[in-house]
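# A closer look at the structure
Given next are the chains, with one letter for each unit.
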Amino acid sequence: MGSYVISTKQEQQELLKEAGFASFEDLFAHQIPPEVRCGELNLPEGLSELEALEQMQELAGRNRVFRSIFRGAGAYDHYIPAIVKSVTSKEEFVTAYTPYQAEISQGVLQSIFEYQTMICELTGMDVSNASVYDGATAAAEGVAMCRDRRRTRILVSACVKPETLKVIRTYCFGNDLALEIVPEKDGRTDQEALQEMLGADTACFYAEEPNYYGIVEEYQTLGELAHRAGAKYVLGCNPIALGLLATPAEYGADVAVGEGQPLGLPLAFGGPYLGFMAATKDMMRKLPGRIVGETTDHEGRRAFVLTLQAREQHIRREKASSNICSNQALCAMTAAVYLAALGTKGLSDAAVLCTSKAHYLQKELEGIGYPLRYEAPFFHEFVTRTPVAASRVLSALEERGILGGLPLGEKEILWCTTEKNTKRQMDEVVEVLKEVAKA
Amino acid sequence: MKLIFERGKAGRALSILPPLDVPECLPDVPGRKTVPHLPEVSENELSRHYTELAKQTYGVNDGFYPLGSCTMKYNPKVNEEAAALPGFAQIHPLQPEHTVQGALEALHTVEQELCEITGMDAMTFQPAAGAHGEFTGLLTIKAYLKSRGEEHRKKIIVPDSAHGTNPASAVMAGFTIVNIPSGADGCVDLESLRNAVGEDTAGLMLTNPNTLGLFDRNILEITRIVHEAGGLCYYDGANLNAVMGLARPGDMGFDVIHLNLHKTFSTPHGGGGPGSGPVGCKAFLREFLPGIRVNCKDGVFHMEHPERTLGSVKAFYGNFLVVVKALTYVLMLGREGIPEASSNAVLNANYMMRKLEDLYDMPYPDACMHEFVMSLERQKHENGVTAMDVAKSLQDYGIHPPTMYFPLIVHEALMVEPTETESKETLDAAIQAFREIFAHAAENPAEAAASPKTTPIGRPDEVQAARKPVLRYSWPD
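The structure contained in this document is the topic of the report that follows. (Residues numbered from 1 in each chain as written. Chains lettered and ligands numbered in written order. Predicted model: local features only at pLDDT ≥ 70, side-chain atom pairs only at ≥ 80, totals over all residues. Heavy atoms only, no water.)

## Overview of the interface of chain A and chain B
Counting residues at the interface gives 183 residues for chain A and 203 residues for chain B. In this assembly, chain A packs against chain B so that about 16600 Å² is buried in total across both faces, 64% of it on carbon and sulfur atoms. Inspection of the chain A/chain B interface yields 13 salt bridges. Here Lys 314 of chain B ties to Asp 134 of chain A by a salt bridge, and the two come within 3.5 Å at their closest N and O atoms. Viewed at the interface, chain B and chain A are joined by 95 residue pairs in polar contact (both at pLDDT 80 or more). Of all the elements, helix α12 (residues 329-367) of chain A adds the most residues to the side of chain A that touches chain B, at 24 residues. Looking at side-chain class alone, the side of chain A that touches chain B contains 93 nonpolar, 52 polar and 38 charged residues. (Contact = heavy atoms within 4.5 Å. Buried area = accessible area lost by both parts, 1.4 Å probe. Salt bridge = Lys/Arg side-chain N within 4 Å of Asp/Glu carboxyl O. Polar contact = N/O pair within 3.5 Å; in protein donor to acceptor, adjacent residues only side chain to side chain. Helix = DSSP H or I, 4+ residues; strand = E, 2+ residues; numbered from the N terminus. Nonpolar A, V, L, I, M, F, W, Y, C, P; charged D, E, K, R; others polar.)

See below:
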């Protein structure tokens, strides 16, 4: 049996005696009524570390790690610099709690302050919170921020990621907010439909940059439509794309949210990831979750603290702006180290690499009978039609150790490239697909 | 200390990315007009910057962390190693099922084991944290009530000793709150509960042991009252470390629960996350759970969506790597180790309580479960020494302060949770520190009010931080 209890059996007896109990049974009998005491748990016997790790390795071994990945759809296979892993495995960061005690938590607090600054720089927004659970919950919290007494209807583009839409829908079920989907037209939000659907009761409109199909939409126009109806504009954005593309602030967004996983977090079967949230100054006090601010101590030294806590659950209870307590602090630090490691130029380079490779692959695929589904500008994801069943295409790639794009039905595939996909890998995909199309 | 933005020089960079090996081709869309200010540093500077920050951060690895309700137990290193295995860390959430059989089996196994520990029938791992679990559990109740046409049941009953997340989560799930006062014994006042329940009751949220560290002896009567009124019972699992292998929420009459894997199941807190807040329920609620459920047919694992699922509370399947760490922990402790952990958590708390009760007022002086609450109210009146002063003084002894000013029903509260992974020497040193602080503070309250003295900063000006928020760095022009 494995154990992390320090006291030996003899020490336990000493502690019991000093605490005034004859035995553990005596200790529990004082407190837990016999009718709810349980018998022995039906669990396997405990293991040594060596045995437990072997069992976990055996489980991990039954998952396939692909040598090249062309699938995104909300989880992106970017390179993670060595420094990122080195910094974020420091035990002080890993084993600390939420930094309630500022005097001995300046490291974590400063790292969050730096993260908030970077998110503001990336999105162009005024203020950022310290993170939420992931991009989907960030979007759900972002739209919920926009509700007021008169405006309780949420509009979401049909072109956002399905995982995000599901989460927004679920949060709306909780909040009793009405949710309506603005239909898609040629892979983009139908602007005419949006205009018709917006009304005096619309709290906000939510779209994604780029959208689920990788397409960069006309975000300026979308935002103007929302604002003209008095609604807020919430834009979900890919942080790597922001190395190149116009920012949510430049598009007039009131709230910018996104999935921070591309910033140094592994695919990890879907989590832990990172939800980032930033807003205009006007909406600062509606932001959910932790926020770190700069102040001084009594000697005038620079100090960082959790602040604007009057929004939060431990102060406001049922009147809080959100229930968030734990967030994704270590993932936020990961993103900050990643952004510092890349720097301004590196981030822009990463964006150029991602999108250039996507355009290369798209042209090559077009040439062998896999035409683009939507004629529209895209960033690093795009949808092609397939001349044969998508499942056949993907199986052929799988045999070669390649995770192909995500099938959207039987005749379309959503592809993704990152800086990790070399020309050679892409040419290999093209080779395989050419064969499949012929057969 | 310098910010990362105040280090480095223009033009400094790491060597991370390769050159472009295809023609440059950018989409014809608006580019960003402003260049983002990001650090321009070398790898060495970056590494040293964070090493400096780490030195100003206090984790469980640095010392004793008796932060009540947070269960700051030791985080085994093998957990980290298991979660870093490429077979877990490098798999895409949308890979075909047959390529992630190990991941699905991990979810299946951990579900079975945690259901056994809690007396539940099914569990979802989608929620990312405790509060997220509460929200999910309440939505489960909401979906269930809706399916029965009982949408008029809008009220969630919450005792005044509850965690702040309870009422906040209930409101997010569209419920209204009925606060009920605790009885003189610190537990649920049965009369208040009976008066609070009715045809509009959706449910009750409770943690047992409660935030005073007391096991509510009337628990079966409490859950019976709620059930008879047609409501459901929600168990806040923040305090589960007190009862594993001793009592199960499912046997106490709870219908839905959340766990904090980052408390009870030894996964680290990461300075405030990522955590994991799985939600367990009885069989009749299974079909409403969010996300996927893993089933096993003929040795093959499949993902299925519950029939009347309430939806998704997070993309994909939750904080999967955190769940992997918890599974490693449960495998190691097993049948004997799980109850041993809770037993010793309770023992250590009782030992500390006994060794401090002659000096510090214990508002609920009987035995405690895994944590206990002291009050500095008398000292505050007598000589102005507050709970805050004692907490801050502990930092000068290299000890993380207990939870302060919580639960709200105890004035000048300090809530101490030592956990099972601390030695008698550590407990004795902490007891000694508490006693010395008490004596010094009584003699020299001003000095206690000026503590801590040995930390990188003294007490920060929180009023200034909130009045004139500086939430990001601004570059000098």
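## Let's talk about empty space enclosed by the protein
Over the atoms rolls a probe the size of a water molecule, and in doing so it shows where empty space is left. Residue and element names in this part refer to chain B. For the structure on display, the rule yields seven cavities of 30 Å³ or more. Its boundaries defined by the atoms lining it, the largest cavity holds a volume of some 100 Å³. Together, Leu 107, Glu 111, Met 123, Thr 124, Phe 125, Gln 126, Gly 291, Ile 292, Arg 293, Val 294, Phe 316 and Tyr 317 line the largest cavity. Within the residue set of the lining of the largest cavity, elements represented by two or more residues are α4 (101-118), β1 (122-124) and β8 (293-297). Broken down by class, the residue content of the lining of the largest cavity amounts to seven nonpolar, three polar and two charged. Within this model, the second largest cavity holds a volume of roughly 80 Å³. Around the second largest cavity, the lining residues are Pro 159, Ser 161, Ala 162, Asn 166, Gly 186, Cys 187, Val 188, Met 205, Leu 206, Thr 207, Asn 210 and Asp 216. (1 Å grid on protein atoms, 1.4 Å probe; cavity = no way out; pocket = protein on both sides within 12 Å on 5 of 7 lines; lining within 4 Å. Points joined across faces, edges and corners; volume = space filled by probe spheres on them.)

## Some thoughts on the environment of Leu 139 of chain B
By the element assignment, Leu 139 of chain B lies in helix α5 (residues 130-147). A residue is classified by how much of its surface remains accessible, and Leu 139 of chain B, at 0% relative accessible area, is buried. Residues Leu 139 of chain B and Asp 361 of chain B lie 222 residues apart in sequence; the distance between their C-alpha atoms is 40 Å. When sequence neighbours within four positions are dropped, the list of residues in contact with Leu 139 of chain B reads Thr 170, Phe 173 and Gly 174 of chain A together with Ala 173, Leu 310 and Val 313 of chain B. (Buried < 20%, exposed > 50% of the residue type's maximum accessible area, 1.4 Å probe, protein only.)

## Here's the deal with the environment of Val 305 of chain A
Secondary-structure assignment places Val 305 of chain A in strand β12 (residues 302-306). As for Val 305 of chain A and Val 429 of chain A, which are separated by 124 residues in sequence, their C-alpha atoms are 51 Å apart. When near neighbours in sequence (up to four residues on either side) are disregarded, Val 305 of chain A contacts Ala 102, Leu 109, Ile 291, Val 292, Gly 293 and Thr 295 of chain A together with Pro 460, Glu 462 and Ala 465 of chain B.

## What to know about helix α3 (residues 49-61) of chain A
Residue and element names in this part refer to chain A. Given a rise of 1.5 Å per residue, 13 residues ought to cover 18 Å, and the 18 Å separating the end C-alpha atoms of α3 matches this to within 8%. Along α3, the residues classified as buried are Ala 52, Leu 53, Met 56, Leu 59 and Ala 60. Projected onto a plane normal to the axis of α3, the buried residues spread over an arc of 115 degrees and lie on a single side. Exposed side chains of α3 directed beyond 90 degrees from the buried face belong to Leu 50 and Gly 61. (Expected span 1.5 Å × (residues − 1). Arc of directions from axis to C-beta.)

## A look at the pairing of strand β9 (residues 300-304) of chain B
Residue and element names in this part refer to chain B. The alternating pattern of β9 places Phe 301 and Met 303 on a buried face and Val 300, His 302 and Glu 304 on a face that is not buried. In the sheet, β8 pairs with β9 via five bridges, with the strands oriented antiparallel. Residue pairing for β9: Cys 296 is matched across the bridge by Phe 301. Between the end of β8 and the start of β9, which pair antiparallel, lie two residues, with Asp 298 showing a positive phi angle near 50 degrees. (Pairing = 2+ DSSP bridges.)

## Focus on the nonpolar core
Formed by 193 residues in total, the largest nonpolar core has its most connected members in Phe 269 of chain A together with Leu 114, Leu 193, Phe 265, Met 352 and Phe 372 of chain B. Looking at which element gives the most residues to this core, the answer is helix α10 (residues 320-356) of chain B, with 20 residues. If we ignore the near neighbours within four places in the chain, the residues touching Leu 114 of chain B are Met 123, Phe 125, Leu 259, Leu 261, Phe 265 and Val 330 of chain B. Ranked by size, the runner-up nonpolar core spans 83 residues in total, among them Val 87, Leu 245, Cys 331 and Phe 379 of chain A. (Core = buried A, V, L, I, M, F, W, Y, C linked by side-chain atoms within 4.5 Å.)

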